[in-house]
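# Coordinates in review
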Amino acid sequence: MTLNNTIEIDIVKASSSKIASVDFENLTFGNIFTDHMLICDFKDGVWQKPIITPYEPFLIDPSAKVFHYGQAIFEGMKAYKDDNDDVWLFRPDENFKRFNKSAKRMAMPEVPENVFIEGLKTVVDLDREWVKKGLGNTLYLRPFMIATGHGVIAQPSSEYRFMIILSPAKSYYSGEVKVIIAEHYSRAANGGIGAAKAAGNYSAQFYPTKLANEKGYQQIIWTDDATHTKLEEAGTMNVFIRINDTLFTAPTSERILDGVTRKSLIELAQRDGLNVEVRSVLVEELVNAAKDGSLKEIFGAGTAAVVSPIVAFAYQGTEYQLPQIENSFALQLKEDLTKIQYKLAEDTFGWTVKV
Ligand code: COI
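Residues numbered from 1 in each chain as written. Predicted model: local features only at pLDDT ≥ 70, side-chain atom pairs only at ≥ 80, totals over all residues.

Taking an unreviewed UniProt entry as the reference, the chain is identified by name as Branched-chain-amino-acid aminotransferase belonging to Flavobacterium chungnamense. As stated in UniProt under Function (unreviewed entry), the record for the chain gives "Acts on leucine, isoleucine and valine." Quoted verbatim from the Sequence similarities (unreviewed entry) field of the UniProt record, the comment on the chain reads "Belongs to the class-IV pyridoxal-phosphate-dependent aminotransferase family." (UniProt positions renumbered as here; feature names shortened; annotations may be inferred.)

### Observations regarding the overall build of the chain
Regarding its fold elements, the chain presents seven helices and 18 strands. For the chain, the C-alpha radius of gyration of 21 Å lies close to 20 Å, the compact-globule estimate for 355 residues. Across the 355 residues of the chain, 42% fall into the buried class. Within the chain, residue pairs in contact and separated by at least 24 positions form 71% of the contacts whose partners lie at least 6 positions apart. (Helix = DSSP H or I, 4+ residues; strand = E, 2+ residues; numbered from the N terminus. Rg over C-alpha atoms; globule rule 2.2 N^0.38 Å. Buried ≥ 20, exposed ≤ 12 C-beta atoms within 10 Å, placed from the backbone. Contact = placed C-beta atoms within 7 Å.)

### Side note on the site of the ligand
As a matter of local geometry, the ligand sits amid Gly-76, Tyr-202, Thr-236, Gly-302, Thr-303, Ala-304 and Ala-305. Its residues placed into classes, the shell around the ligand shows three nonpolar, four polar and no charged. (Near = placed C-beta within 6 Å. Nonpolar A, V, L, I, M, F, W, Y, C, P; charged D, E, K, R; others polar.)

### Re the pairing of strand 10 (residues 177-181)
In terms of strand pairing, strand 10 meets strand 16 (residues 306-315) through four bridges, oriented parallel. Looking at the pairing, Val-177 lines up with Ile-310 of strand 16. With three bridges joining them, strand 10 and strand 11 (residues 219-221) adopt parallel strand pairing. Note that in strand 11 the partner of Val-179 across the bridge is Gln-219. What joins strand 10 to strand 11 is helix 4 (residues 199-214), and the crossover it makes is right-handed. (Pairing = 2+ DSSP bridges. Right-handed = clockwise from strand over helix to strand, strands pointing away.)

### What about the packing of helix 5 (residues 260-271) against helix 7 (residues 329-341)?
Helices that pack against each other are described as a pair by the angle of their axes relative to one another and the distance between those axes. Taken N-terminus to C-terminus, the directions of helix 5 and helix 7 make an angle of 105 degrees; their axes are 10 Å apart at the nearest point. In terms of their interaxial angle, helix 5 and helix 7 are classed as roughly perpendicular. Contacts between helix 5 and helix 7 pair Ser-264, Leu-265, Leu-268 and Ala-269 from the former with Leu-333, Asp-336 and Leu-337 from the latter. (Axes fitted to C-alpha atoms, helices over the stretch in contact; angles between N-to-C directions. Parallel < 35°, antiparallel > 145°, perpendicular 65-115°, else oblique.)

### Structural notes on the environment of Arg-255
With respect to the helices, strands and loops of the structure, Arg-255 is situated in the loop between strand 13 (246-249) and helix 5. Judged by local crowding, Arg-255 falls into the buried class, with 24 C-beta atoms found within 10 Å. Beyond its immediate stretch of four places on either side in the chain, Arg-255 contacts Ala-188, Ala-189, Asn-190, Gly-194, Ala-195, Asp-224 and Glu-232.

### Describing helix 4
In an α-helix, one turn spans 3.6 residues; hence positions three or four apart end up facing the same way. Given a rise of 1.5 Å per residue, 16 residues ought to cover 22 Å, and the 23 Å separating the end C-alpha atoms of helix 4 matches this to within 8%. Along its length, helix 4 shows its largest kink, about 40 degrees, at Tyr-207, and proline Pro-208 lies within four residues downstream of that point. Every buried residue of helix 4 is accounted for by Ala-199, Asn-201, Ala-204, Gln-205, Thr-209 and Ala-212. Contacts from the buried residues of helix 4 go to strand 5 (72-74), strand 10 and strand 11. Phi turns positive, to about 95 degrees, at Gly-216, one or two residues after helix 4. (Expected span 1.5 Å × (residues − 1). Bend = angle between axes of the 7 residues up to and from the residue.)

### Digging into the domain arrangement of the chain
Split into domains, the chain comes out as domain 1 (10-171) and domain 2 (177-341). Measuring from the centre of the C-alpha atoms in domain 1 to the corresponding centre in domain 2 gives 27 Å. Each partner contributes to the interface: domain 1 provides 22 residues, whereas domain 2 provides twelve residues. Mapped by element, the contributors of at least two residues to the side of domain 1 that touches domain 2 are strand 5, strand 6 (77-81), strand 7 (87-90) and helix 2 (92-105). Looking at the side of domain 1 that touches domain 2, the element that brings in the most residues is helix 2, giving six residues. Residue composition of the side of domain 1 that touches domain 2, grouped by class: eleven nonpolar, four polar and seven charged. (Domains from an automatic or database assignment.)

### Quick look at the environment of Asp-44
Mapping Asp-44 onto the fold places it in the loop between strand 2 (36-43) and strand 3 (46-47). Residue class for Asp-44 comes out exposed when judged on the 8 C-beta atoms lying within 10 Å of it. It is 7.6 Å that separates the C-alpha atoms of Asp-44 and Glu-159, two residues lying 115 residues apart in sequence.

### Comments concerning the environment of Asp-292
Inspection of the secondary structure puts Asp-292 in helix 6 (residues 283-292). By C-beta crowding, Asp-292 is classed as exposed, having 9 other C-beta atoms within 10 Å. Between the C-alpha atom of Asp-292 and that of Pro-112, which follows or precedes it by 180 residues, the distance is 52 Å.

### Points about unusual backbone geometry
Backbone phi values are negative for most residues with the exception of glycine, while trans is the configuration of most peptide bonds. A positive phi angle, near 55 degrees, is found at Ala-107, a position not held by glycine. Here His-228, not a glycine, exhibits a phi torsion of approximately 55 degrees, which is positive. Within the fold, His-228 resides in the loop between strand 11 and strand 12 (238-243). Taking the number of C-beta atoms within 10 Å as the measure of exposure, His-228 has 16 and is therefore partly exposed.

Right, here's the structure in full:
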């Protein structure tokens, strides 16, 4: 199936909209959902006709494999509104490809391209009033798939549900972001599911992140599980480190998510003539750079987080502050990226797709 194959989607519209009750100026990330959602079920070995219904809870068998074995994957994307009231998606093809890579790794069926892409466009179009104009206003799109087949035998389900839900969003982090460098816990290991956007990759981080939160840190920068010497990603975002005027980010691997924002920032940095190197930075290098003043910036990059500057990191009980700098690469790249997303700058890369 190709992108241009339109599909038939049954639509049951909500009888009324909740939009008037939403305070768009004071949104908590991922807490409010729009009027509609898309559902496409997989059974008897085939994808059924997608439907869009009012957003509401649904029934699921208590023995469904998603509850017992965590067979679940998701994507994070955003829609943006430009000054002409047109609504845009950002690189949806990348999310689609990654979704099916995750599906394969989790022994789930791949979702047809037109169900994913046309499904997204149709449900976003139906709820386009929920995409507000203005930099920082977005509609966060959450395609996901769960194993709905019943029975607690530990093997892949034979039935699945693909869904898309939508949530108006501003920033993911509301204050300053400080991180701890992982010394004991690991997010992922070679041969594991670290490169998949699998639900379990996120819940596995909840406990160590809770311990970090209790110490006043919002996130953990994960290190390689074998030696804890190489910096990897932060779980909700990939990580960039600037030492003097070189920007480093770890290469993607079996342990690191291939972030769409990460790859876009690398291309933007190259376009801007910044020196960007895709290689692992050692924890030792980071600490030495913090001590000798060559460490200029650390920032996270992700769909939800966008570009989030990190103000301090802790390692082996010592906290290191990042300096205040004038020509921040994080701010420059954030501006480059958001100008394209909101159609305020020409999209020479062909990343934006109209709804
Ligand atoms: C995203 O950036 O969309 C993610 O999937 C991270 C998530 C934890 C909010």
